[in-house]
Amino acid sequence: LDKLDKELESRRLRFTRYADDCLIFVGSKAAATRVMHSVTRFIENKLGLKVNAEKSKITRPSKIKYLGFGYWKNNKAKQWKARVHETSFKRFKDKIKKLTTRKWSVPFDYRIKKLNEVTRGWINYFRIADMKSKLKRFSEQLRTRLRIICWKMWKVPKKRQWALMKMGVGKDLARLTAYCGDRYYFVATKTYLVRVITKERLTKTGLVDPYDYYISRSWVN
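Residues numbered from 1 in each chain as written. Predicted model: local features only at pLDDT ≥ 70, side-chain atom pairs only at ≥ 80, totals over all residues. Heavy atoms only, no water.

Student: Whenever I open this one, helix α4 (residues 108-126) confuses me. Can you help?
Tutor: An α-helical segment advances 3.6 residues per turn. Residues three or four places apart therefore align on the same side. The end-to-end C-alpha distance of α4, which contains 19 residues, comes to 27 Å, matching closely the 27 Å that a straight helix rising 1.5 Å per residue would cover. Inspection of α4 places F108, R111, I112, L115, N116, T119, W122, I123 and F126 among the buried residues, and these make up the whole buried set. Down the axis of α4, the buried side of the element spans an arc of 150°, and every buried residue falls inside it. Of the surrounding elements, those touching the buried residues of α4 are β3 (69-74), β4 (79-84), α3 (86-99), α5 (132-154), α10 (199-204) and α11 (210-217). (Helix = DSSP H or I, 4+ residues; strand = E, 2+ residues; numbered from the N terminus. Expected span 1.5 Å × (residues − 1). Buried < 20%, exposed > 50% of the residue type's maximum accessible area, 1.4 Å probe, protein only. Arc of directions from axis to C-beta. Contact = heavy atoms within 4.5 Å.)

Given below as structure tokens:
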């Protein structure tokens, strides 16, 4: 499709193309209709290729999904900016959810390893997108899920009390928390467990925090 690139460049059109997936940007719906018809004719008549009419459409940038990205208008800066499309973010969350299910009985360090692989790969791909607020919330949810896993791993009140005391909790408070039972979400969000299994402690286990990793790798100011 190099010939298509050269044709679009000769027409001074703004475009981006990855393999056979191409976006062309114009200033109005009328111009979009005109360009779509003329470019379709060029592809089919000059290049001998068939344009997929079902996938080809005229739309605003905010309605586009392209290579996993969506777009939003920053009115203050008067610029369109990239964001992670909702379906792409949902797939990421589903992967992390699968890796943090308490039904998956694997060593904690192996779980952390698999989480880090997914986090690094996904954020490195989407690092040009603006997603600070999304990942800040998501990182908090991830820590909650990991607290739930720890609580299940400790299984019985005696072991839970021992684990809490080992992390510096006083005996009486550790015992009170340990006997909260298997109300996993309650324990992971409303008890002293939140104050001992902290972001810093999880980082020491090797966990790559999605928000922090994004900040360190992001192209967005």
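Student: I tried to follow the side chain of Q161 on my own but got confused; where do I start?
Tutor: Its location among the elements puts Q161 in helix α6 (residues 157-166). The contact partners of Q161, leaving out residues within four places of it in the chain, are K171, A174, R175, A178 and Y179.

Student: I keep staring at the nonpolar core and nothing clicks. Help me out?
Tutor: A general feature of soluble globular proteins is that nonpolar side chains tend to end up buried together. W122, L135, L146, W154 and L164 are the most contacted members of the largest nonpolar core, which has 46 residues in total. A total of 9 residues in this core trace back to one element, the largest contributor, which is α5. In contact with W154, other than residues within four places in its own chain, are K159, R160, A163, L164, M167, L193 and I197. Counting 8 residues, the second largest nonpolar core, distinct from the first, contains L8, V35, I43 and V51. (Core = buried A, V, L, I, M, F, W, Y, C linked by side-chain atoms within 4.5 Å.)

Function-wise, these values are silent; they only describe arrangement.
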